[in-house]
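Fold and contact review
Listed here are the chains, written in short residue letters.
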Amino acid sequence: MKIAFYFFIIAQILNFVNVFAEKSIKDSSKFNSIKWEKVLDHKEKPLKKIIWKSYNDEKSYFENKNLKSKSKKLDKTQINPATWNNRSLRFSFEEIDMPDAGERMGLYSIGTYDRHNHGLYSGVTLYGAASGRRGGFFTGGYTLGVERPLTENLIFDAGGYVGAGGGGAAAQGGGLMIRPHIGLKYDFNWSILGLNYSYVDFPNGDISSDAVALSLDIPFSSPALNWEDTGLTVSDYFGTELSNVSLHRSHLATRIRNYYPTIGSKTTSGGSIDDSLVLVGVEYSYFLDKNWFTTFETAGAVSGGVGGYAELLAGIGYRLPLTKDDRLALLPALTIGGAGGGAVETGGGFVARANLGLEYQASSNLSLIIDGGYLTAPDGNFDTPYVGFNLAYVMETFAKDQKGFLLKETELIETTKWRFRPAHQWYFEAQRRGGSPRDMQLMGGKIDWIGGDWWYLTGQGLSAYAGGAGGYSEGHWGVGVFSPSWKNLQLYGEMLIGAGGGGGVDSGSALLYKPTVGLEYNLNRDFSLQTGIGKVISKNGNLDANILDVSLVWRYGASK
């Protein structure tokens, strides 16, 4: 059965690559178009005289009026109708058998997917332990699948996931995780409920188990904006669809939190956690209407002697304005998810959190949020109050509904430039605790906000999948710069700071620095390839390794 599933994954990947190649060729032809001109093989009679006459005897007819006006005037007949990307958010849960007799581990997942032609979908998925005794087990990677309607509401679904991670003292080996699935889904219009047969396998570890997975898909859509769409009015862009389009608020925040564990909080060895913990992470919130929002967060410890502790949470909240100008607001929220690692005793990994934030909107695109709350692991020994500070970049996202804020026909579209970079990295001679240095391989993703013509902010997350470091993961924030393009080539450089730990890697307290330089080659308007070299350096540990990085770059636009 395992071989059949793997064969299916390979077939689907080849199918997807074929579709992707066709799209790339098509885009490439637009990016570097060649114009052919017929050369006449006979001599034309030369024109003796060209007489220019203005239309209706108005000399201004042939003047370049664009030079006389700074306003952007568009010919509406040349504007294509808005195109939308169909996407979905997926949650799932399943229980798998572990190598120890009688042990089972509950896995939950959060994934977001783009839906392509021919029923294909692809995207990013994160898995974490939620029950059992492997709190701190996490993996992250990529999912590729295909859907086929069987009836009006019944859908066939099959696909596969490839990712990396581990933790929780599980037998994940090098950390590579493969998970094919096949099943049926029922479309309730507002959501899609699925029942799948899955197979979770760590090829270089001891975890190998089939499972029955329950999934919930929430479909949504967003306009396919390009970097060049800035300056169009919403009337020009959406046309007749405008009456069914509204603005939804969202924000992407970098955050830092101080945890103060209670007296009963324990390590996995039974010791007390006496020090406060500092966590850094990233959070994304999307507003379902003018007040209610969903929120997703991941964070990791950078101090407190629990290097490797991480969280993956999701929940719902409400924004309550306190002032008429909407600058000050309360943000109560409830979240659940998985947490553990770093020898913190979270039991099976399930945690719940209550949070209250106070937001001050400093500008239309920047908010400062001070928050506090309480996190508990019900089946473990970890409870902690906390306080935090968040710096949030606020965006307005278009949606095909009337639940958000209404649009004015003359309102201009402002496009922010983003990049997503699936990445693979080699760490050479990475130092280990109690062992000799070894090479290791990591996979992950990077997301960049392009701030100007030469710089960007970036957030990155990677996990080990080979090299005997299963369970090692890291997350970073940083800034990058890039040079002007020359013959489709440009240089780039990055400086990152973040946290990493697990897998026996000697990362000390988990605080890491990561400088990189490299070269980028532009394939077409939307895609590039990057390769770079750099270092990963631990502040308190012995990790000091050279890096080789290879990334695919996907450029896309989002409303500002």
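Scope of this entry: the structure provided in the associated data block. Each residue is numbered by its place in its chain's sequence as written, counting from 1. Under the rules for a predicted model, residues below a pLDDT of 70 receive no local features and side-chain atom pairs below 80 are neither given nor counted, while totals for whole chains, interfaces and linings still include all residues. Excluded from the side-chain calculations are hydrogens and water; all other atoms, namely the structure's heavy atoms, are used.

The next point concerns the packing of aromatic side chains. Any Phe, Tyr or Trp ring, taking Trp's six-membered ring, that has another such ring centre within 6.5 Å forms a pair; planes under 30 degrees apart are called stacked, those over 60 apart edge-to-face, and the others tilted. Applying the stated criterion across every chain, the model contains 18 aromatic pairs. Judged by centre distance (5.9 Å) and plane angle (70°), the ring pair of Phe137 and Phe202 falls under edge-to-face. Of this pair, Phe137 sits in the loop between strand S3 (120-131) and strand S4 (138-149) while Phe202 sits in the loop between strand S7 (192-201) and strand S8 (208-223); the two residues are 65 residues apart in sequence, bridging distant segments of the chain. Classification of residues uses two cut-offs on accessible area relative to the type maximum, computed with a 1.4 Å probe and protein chains only: under 20% is buried, over 50% is exposed, and between them is partly exposed. Exposure remark for Phe137: the relative accessible area of 0% places this residue in the buried category. Under the scheme used here, helices are H or I runs from DSSP no shorter than 4 residues and strands are E runs no shorter than 2 residues, and both carry numbers assigned from the N terminus.

Turning our eyes to something else, we now look at the sheet that holds strand S21 (residues 473-482). Spatially, the 8 strands close up into a barrel ordered S18-S19-S20-S21-S22-S23-S24-S25, and their pairing is antiparallel. Within the sheet, the average angular offset between the axes of one strand and its neighbour, ignoring direction, is 25°. Two strands qualify as a pair provided DSSP detects at least 2 bridges between them. What counts as an axis is a line fitted to C-alpha atoms, over the stretch in contact for a helix, and the angles between N-to-C directions run from 0 to 180 degrees.

Attention now goes to the nonpolar core. Here, the term nonpolar core denotes a set of buried Ala, Val, Leu, Ile, Met, Phe, Trp, Tyr and Cys residues that are joined through side-chain atoms within 4.5 Å. By size, the foremost hydrophobic cluster in this structure holds 16 residues, and its most contacted members are Tyr259, Leu277, Leu279, Tyr309 and Phe382. Elements with a minimum of two residues in this core: strand S10 (277-287), strand S11 (292-303), strand S16 (366-377) and strand S17 (382-399). If sequence neighbours within four positions are ignored, Tyr259 has contacts with Ser276, Leu277, Leu279, Tyr309, Glu311, Leu375, Phe382, Thr384, Pro385 and Tyr386. Contacts are assigned to residue pairs with any non-hydrogen atoms lying within 4.5 Å of each other.

What follows deals with the environment of Gly308. Examined against the element boundaries, Gly308 turns out to sit in the loop between S11 and strand S12 (310-318). Under the relative-accessibility criterion, Gly308 is labelled partly exposed at 27%. With residues near it in sequence (within four places) discarded, Gly308 still touches Gly340, Gly341, Gly342, Gly501, Gly502 and Ala510.

Turning our eyes to something else, we now look at the pairing of strand S15 (residues 350-363). Direction of pairing for strand S14 (residues 328-340) relative to S15: antiparallel, over a ladder of 11 bridges. Considered in S15, the bridge of Gly337 is made with Val351. Relative to S16, S15 runs antiparallel, the two sharing 11 bridges. Following the sheet pairing, Gly357 is matched in S16 by Asp371. Two successive antiparallel strands, S15 and S16, enclose a turn made up of 2 residues.

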